[in-house]
Amino acid sequence: MELKTLVTGGAGFIGSHLCHTLLEQGAEVYCVDNFLTGSKRNIEPLRSHPKFHFIHHDIIEPYFPEWLDRIYNLACPASPPAYQYNAIRTIKANTIGMINVLGMARRLKARILQASTSEVYGDPKINPQSEHYWGNVNCTGIRSCYDEGKRVAETLCFDYHRSHQVDIRVVRIFNTYGPHMDPNDGRVVSNFIVQALKGEDITIYGNGQQTRSFCYVEDLVPGLLKMMEQPSEIGPINLGNDQEFTILELAEKVLKLTKSKSKLVFRPLPGDDPTQRRPDLNRARKLFNWAPRFTLEQGLVPTIEYFQHILKSSTP
């Protein structure tokens, strides 16, 4: 059956990969984006596809499609510089925008998947983080617009489910990387790769011993699709890679793969930066037999190639 599918934030890093895969599977895809952090470049190869439709729109404002089967809500700035640049707009995307897409799902009786985040766990006091952990989040810090915004978005999903029987699915996405990332988004993987390719100093915040778990985007997208089609499980479900690396280890891998002579420089750690991040993936493995396949190095190779092409094409 051909599913009419809406992807909010569809011109973003993850959203554009999701749109591509949905089209490959035969879905009619409606991509909604306001280009606040998304890029026309990410969806340019899709524009000629007969089943791809682009709508320039901000989910903070109401939108009234006539018919949908599936809604993937990925519309929110996801990198710290992006969501801190306009914190109030970030909160609006996670509250007003969330209410708008949930209202859309309720009216059309469409299933909706909310792309939540590992940031709902804050600076965790347990490792790895399971879905049962309530988190340790600063509600007044510089990251709160995103961390608390995503927590409220989850609350809205579950309240719409309980009060109006909206068919929800909630996933918590851990650090993801790959082609289509913005070279200037300020995330650690893109920062390190761009700095290494340009021969600039690689900036490490803190002592580099804080940990992250890095999921290649081609592993993540199948997890989103599998969760959307779960017959009864609504989540939340962690999606990511459970191999844990220090930031210093990531920098060393990037230097090795780029053959860069860049030097490591250390700067003060930003406020509320988590000291560790690693998903417990047991539920995803048991429920729909999903697990990441790519090692960090296997994912970094095509990501570096992508940034080499982007940097070369932007050179005057």
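Predicted, not measured: the structure shown is a model, and the values here were computed from it.

Q: Where do I start with the pairing of strand E4 (residues 70-73) in this structure?
A: Regular strands have side chains that alternate between both faces of the sheet. Burial along E4 is two-sided: Arg70 and Tyr72 and Ile71 and Asn73, pointing in opposite directions, are all buried. Bridge analysis of strand E1 (residues 4-8) against E4 gives four bridges, and the strand direction is parallel. Across the sheet, the residue bridging to Thr5 is Arg70, located in E4. Looking at chain direction, E4 and strand E5 (residues 111-117) are connected through four bridges and run parallel.

Q: Sorry if this is basic, but what is going on with the layout of surface pockets here?
A: Where empty space is left in the structure can be found by rolling a water-sized probe over the atoms. Approximately 280 Å³ is the volume found for the second largest pocket. Every residue lining the second largest pocket is listed: Val120, Tyr121, Glu131, Tyr133, Trp134, Arg151, Glu154, Thr155, Phe158, Arg162, Arg172 and Pro236. For the lining of the second largest pocket, the element with the most residues is helix H6 (residues 144-164), which contributes five residues. Residues belonging to the lining of the second largest pocket are distributed by class as follows: six nonpolar, one polar and five charged.

Q: I keep staring at the nonpolar core and nothing clicks. Help me out?
A: Within soluble globular proteins, side chains that are nonpolar tend to cluster in buried spots. Grouped together as the largest cluster of nonpolar side chains are 60 residues, with contacts concentrated most on Tyr72, Leu224, Leu239 and Leu300. Not counting chain neighbours up to four residues away, the residues in contact with Leu224 comprise Ile14, Tyr72, Leu113, Val171, Ile173 and Leu239. Core analysis: the next-biggest nonpolar cluster, separate from the first, contains 25 residues, Ile59, Leu68, Leu156 and Cys157 among them.

Calculation rules
- Residues numbered from 1 in each chain as written.
- Predicted model: local features only at pLDDT ≥ 70, side-chain atom pairs only at ≥ 80, totals over all residues.
- Heavy atoms only, no water.
- Buried < 20%, exposed > 50% of the residue type's maximum accessible area, 1.4 Å probe, protein only.
- Helix = DSSP H or I, 4+ residues; strand = E, 2+ residues; numbered from the N terminus.
- Pairing = 2+ DSSP bridges.
- 1 Å grid on protein atoms, 1.4 Å probe; cavity = no way out; pocket = protein on both sides within 12 Å on 5 of 7 lines; lining within 4 Å.
- Points joined across faces, edges and corners; volume = space filled by probe spheres on them.
- Nonpolar A, V, L, I, M, F, W, Y, C, P; charged D, E, K, R; others polar.
- Core = buried A, V, L, I, M, F, W, Y, C linked by side-chain atoms within 4.5 Å.
- Contact = heavy atoms within 4.5 Å.

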